[in-house]
Amino acid sequence: MDLGAMMRGRRVLVTGASSGLGAHFARLSARHGAAVAVVARRLDRLHDLAGELRALGATAVAVRALDMADADALDPLVAELHEELGGLDVLVNNAGTADEAPALEVSAAAFDAVMDVNLRGAFLMATACARAWTAAGEPGAIINIASVLGIGVTQGVAPYVISKAGVVQMTRVLALEFARHRIRVNALAPGYFETEINAGLFETDAGRKLLARVPLRRVGDHADLDGPFLLLATEASRFMTGAIVPVDGGHLVASL
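Residues numbered from 1 in each chain as written. Predicted model: local features only at pLDDT ≥ 70, side-chain atom pairs only at ≥ 80, totals over all residues. Heavy atoms only, no water.

### As for the pairing of strand 2 (residues 35-40)
Just so we agree on the cut-off: Exposed residues in this analysis have more than 50% of their type's maximum accessible area, buried residues have under 20%, and partly exposed residues fall in between, with area computed by a 1.4 Å probe over protein chains only. Where helices and strands are cited, they refer to DSSP runs of H or I of at least four residues and of E of at least two residues respectively, numbered from the N terminus. What makes two strands pair is DSSP finding at least two bridges between them. By convention a crossover is right-handed if, when the strands point away from the viewer, the path from the first strand over the helix to the second runs clockwise.
Taking burial as the measure, the six residues of strand 2 include six buried ones, the bulk of the element. Burial along strand 2 is two-sided: Ala 35, Ala 37 and Val 39 and Val 36, Val 38 and Ala 40, pointing in opposite directions, are all buried. Relative to strand 2, strand 1 (residues 11-15) is paired through five bridges, and the arrangement is parallel. Bridge pairing in strand 2 places Arg 11 opposite Ala 35. Taking the sense of rotation as the criterion, the β-α-β connection linking strand 1, helix 2 (residues 20-31) and strand 2 turns out right-handed. Where strand 2 meets strand 3 (residues 61-65), five bridges bridge the pair, whose relative direction is parallel. The residue bridging Ala 40 from the neighbouring strand is Ala 65, located in strand 3.

Have a look at this one:
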């Protein structure tokens, strides 16, 4: 089964696409002949990325500025992109943020800022796409980017951990509710991958200790997500919904 070939002609919307995993998923989709819509707050970066996506082979590219915390912007945005690309097939709910502090020092505003993007924004984007699909009588696939920290825990990033646990349960409940509309909802749960949020962490003593607990003894490379992503983004996973797929080097099965 050629998963890359199955992406050809798919229309993919990626949130938080200006850097990190979001930009990687956009490039991966483009490389396999998908039409790609990229949204994020940093519009200048998206325009640079759009040129890359066209060069990689995207059949069409759409760019929009979006703050995931702006609930009123989501339905109009999805409607615009649906019209511009002639439909949407896949939502990659990737936008995320984190705030590093002990739980006793986390303010209400800091907590809300993480939840607004990671959980509330992801939920509202998923339901906006689902409304567009049901109105058009079309199937759809949602890939939520969760985290192993939505299943296990660590210290110092409580709002992030809580938000990703919410994304895990959101994936399951939306899978249950949307199945009747032919909309599948699954999640990737990456382990430790280097991104802008944690840049430099794995060169520190604390970072090296984290990696020592990963059975495969290394940080993830973005390409390690390619196979699982292509599976969930194509009809190869047509009988999968509500699945949480860890890509973590075995971290979740490590010995205590």
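Picking up where we left off.
### Observations regarding the sheet that holds strand 7 (residues 244-247)
Threshold: Helix axes are fitted only over the stretch in contact, all axes being lines through C-alpha atoms; the angle between N-to-C directions runs from 0 to 180 degrees. When checking whether two residues touch, look at their non-hydrogen atoms; a contact exists if any pair is within 4.5 Å.
A sheet is described by the order of its strands in space; here seven strands give the open sequence 3-2-1-4-5-6-7, paired in parallel fashion. For this open sheet the edge positions go to strand 3 and strand 7, each flanked by a neighbour on one side alone. Here the average twist between neighbouring strands, direction ignored, is 15°. Packed on one face of the sheet, helix 5 (residues 108-136) meets strand 1, strand 4 (90-93), strand 5 (140-145) and strand 6 (183-190) and runs near 175° to strand 4. Helix 8 (residues 226-233) rests against strand 4, strand 5, strand 6 and strand 7 of the sheet, and its axis sits at about 170° to strand 6.

### A word on the packing of helix 5 against helix 6 (residues 158-178)
Selection criterion: Should an angle fall under 35 degrees it is called roughly parallel, over 145 degrees roughly antiparallel, and 65 to 115 degrees roughly perpendicular, with every other angle called oblique. By convention the crossing between two helices is left-handed if the near helix lies anticlockwise of the far one by an angle smaller than a right angle, and right-handed if it lies clockwise. Three residue categories are used. Nonpolar comprises Ala, Val, Leu, Ile, Met, Phe, Trp, Tyr, Cys and Pro, charged comprises Asp, Glu, Lys and Arg, and polar comprises the others, including Gly.
Put simply, helix 5 and helix 6 touch, their axes get as near as 9 Å, and they point 15° apart. Compared by their axis directions, helix 5 and helix 6 come out roughly parallel. Crossing of helix 5 against helix 6: the hand is right-handed. The residues of helix 6 that touch helix 5, namely those facing Phe 111, Val 114, Met 115, Asn 118, Leu 119, Ala 122, Phe 123, Ala 126, Thr 127 and Ala 130, are Pro 159, Tyr 160, Ile 162, Ser 163, Lys 164, Gly 166, Val 167, Met 170, Leu 174 and Phe 178. Looking at the contact of helix 5 with helix 6, its residues break down into 15 nonpolar, four polar and one charged.

### Topic: a nonpolar patch on the surface
We apply this condition: Each patch is built from residues that are more than 30% exposed by relative accessible area and take part in no salt bridge. Like charges join if they lie within 9 Å; nonpolar side chains (Val, Leu, Ile, Met, Phe, Trp, Tyr) join within 5 Å. Note on areas: these come from Shrake-Rupley sampling with a 1.4 Å probe, and a residue is covered only by the protein chains present in the view. Here, a salt bridge means any side-chain nitrogen of Lys or Arg that lies within 4 Å of a carboxyl oxygen of Asp or Glu.
On the surface, Ile 151, Leu 252 and Val 253 cluster together into a nonpolar patch covering about 290 Å² of accessible area. Looking at where Leu 252 falls in the secondary structure, it is placed in the segment after strand 7.

### Details of unusual backbone geometry
In this model, Arg 182 sits at a positive phi of 65°, which is unusual for a non-glycine residue. Tracing the chain through its elements places Arg 182 in the loop between helix 6 and strand 6. The backbone phi angle of Arg 217 is positive, close to 60°, even though this residue is not glycine. In this structure, Arg 217 sits in the loop between helix 7 (205-212) and helix 8.

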